[in-house]
Amino acid sequence: MTFQIVINLIIAIGWMFFTESYTLPGFIMGYILGILSLLLLSRFISDTFYLKRLFKVATLIGMFFRALITSNIDMIKLIYMKKPEFEPGIFALPTTLKSDLEIVMLVHLISLTPRTLSVAVARDHSHLYIHAMDIDSIGETIDTIKSSFEQAIMEVTR
Amino acid sequence: MFQFIQYIALITMSISLIICFIRTLIGPSIPDRVLALDAFGINLIGFTGVIMILQDTIAYSDVILVLSILSFVSTVAVSKFIERGTIFERN
Amino acid sequence: MSVTEVIVSIFLLIGAFFSLLGALGLIRLPDVYNRAHAAGKSSTFGVIFLILATFLFFLFTGEFNAKLLLAILFVFLTAPLSSLMVSRSAHRTDVPLYDKSIRDDLQETHKKKEKKQQKET
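Residues numbered from 1 in each chain as written. Chains lettered and ligands numbered in written order. Predicted model: local features only at pLDDT ≥ 70, side-chain atom pairs only at ≥ 80, totals over all residues. Heavy atoms only, no water.

Participant: Looking at this structure, how should I read the sheet that holds strand β2 (residues 116–121) of chain A?
Facilitator: In sheet architecture, strand pairing relies on hydrogen bonds along the backbone and comes in two forms, parallel and antiparallel. The antiparallel open sheet is built from three strands, whose spatial order is β1-β3-β2 (chain A). Strands at the two margins of the open sheet, each flanked by one partner only, are β1 (89–94) and β2 of chain A. On average, each strand axis in the sheet is tilted by 35° relative to the strand beside it, whichever way the strands run. Of the pairings in the sheet, the one linking β2(A) to strand β3 (residues 127–132) of chain A comprises five bridges and is antiparallel in character. Looking at the pairing, A:Leu117 lines up with A:His131 of β3(A). Seen against the sheet, helix α5 (residues 138–157) of chain A touches β1, β2 and β3 of chain A and runs at an angle of roughly 35° to β1(A). The sheet contacts of helix α3 (residues 66–92) of chain C involve β1 and β2 of chain A, and relative to β2(A) the element is tilted by about 60°. (Pairing = 2+ DSSP bridges. Helix = DSSP H or I, 4+ residues; strand = E, 2+ residues; numbered from the N terminus. Axes fitted to C-alpha atoms, helices over the stretch in contact; angles between N-to-C directions. Contact = heavy atoms within 4.5 Å.)

Shown next as structure tokens:
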């Protein structure tokens, strides 16, 4: 990924030398040309094209904001209820993510989804401990965490 | 009208600051108080933002940045302290 | 009122509403862990909207202030982690859960760890 960005920058600076216009529009023009040429030559480079990975990062950020908005709409219902009638609890969630960055991203994403809050991480990174209001309806939440969140994080970091 | 809406926002923020402060006073356990102080700091950031619009000055933007950093660092330090009794672990 | 003032005031009202919601949750919900839900989600959301309103106001008057965007990023990144730290320290110092709580998986692992330590000593 770094290799491709460096090559792209070199192409952009080369384009600036080539046209002898040392301005920002010239640089942007060269950068776009670099992206096009990398796209054409992408089958000769062993790594995947880096804009594809950038797109996955963008979908992950969109997921963060979607979780934030839905959880706040849920919070309105919860707080203006007359009596808090729910049964909270802490449960353990096994996870397959390994490195520190992935774990932090998962913890962050879980804390933002409605009615879940991560409380602790096991020392060997094999489990997350999650506090949930309404522990009865938690099966769907586990499924979404397992299927979509871990998948999205893995696609970005690996 | 615009000024009126700004005053409404300012009053709402003050009410939420007062509520956070009440929770700091009555909280039964120490983590309750730490959590309320954290929420107090975050609400204070928004309060400063509203005051920036009201006075039409850009001078408080540094205040917002420093408050957001200090609030997080102090919360982490205090919660580590009540968890183990130390802030930095020397192994 | 001009269009920019309408946009800024909508953002201000949304932000103030969600900040108040977070504070109300802080005083209404029953125990530390449930309060951490309110503090970690609603307060963050409200403050993001308030600072965004400030940023838009100064952008419309012709000043681009990147420090405010930096503050938004910082608040968004750190608020859930600070609620994690507080709730973890609450659990380590044996703050009881709400009466209606059903399950506590973390308690069992703590007990196992304590037994191990007693055996070692």
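Participant: What am I meant to see in the domain arrangement of chain A here?
Facilitator: Think of interface size as the accessible area that goes away when the parts come together; that is how it is often given. Per the domain assignment, the segments making up chain A are domain 1 (2–44) and domain 2 (51–157). One C-alpha centre belongs to domain 1 of chain A, the other to domain 2 of chain A, and the line joining them spans 39 Å. (Domains from an automatic or database assignment.)

Participant: Looking at this structure, I do not really get the packing of helix α2 (residues 30–55) of chain B against helix α2 (residues 32–60) of chain C. What am I missing?
Facilitator: Packed helices, taken two at a time, are described by their axes: the angle between them and the distance between them. At a minimum axis distance of 9 Å, the contact between α2(B) and α2(C) shows a crossing angle of 15°. On the basis of the axis angle, α2(B) is roughly parallel to α2(C). Crossing geometry of α2(B) relative to α2(C) is assigned as left-handed. Along its contact with α2(B), which presents B:Pro31, B:Asp32, B:Leu35, B:Ala39, B:Ile42, B:Asn43, B:Ile45, B:Gly46, B:Gly49, B:Val50, B:Met52 and B:Ile53, the element α2(C) presents C:Val32, C:Arg35, C:Ala36, C:Ala39, C:Ser43, C:Val47, C:Leu50, C:Ile51, C:Ala53, C:Thr54, C:Phe57 and C:Phe58. When grouped by side-chain class, the residues that make up the contact of α2(B) with α2(C) number 17 nonpolar, five polar and two charged. (Parallel < 35°, antiparallel > 145°, perpendicular 65-115°, else oblique. Left-handed = near helix turned anticlockwise from the far one by under 90°. Nonpolar A, V, L, I, M, F, W, Y, C, P; charged D, E, K, R; others polar.)

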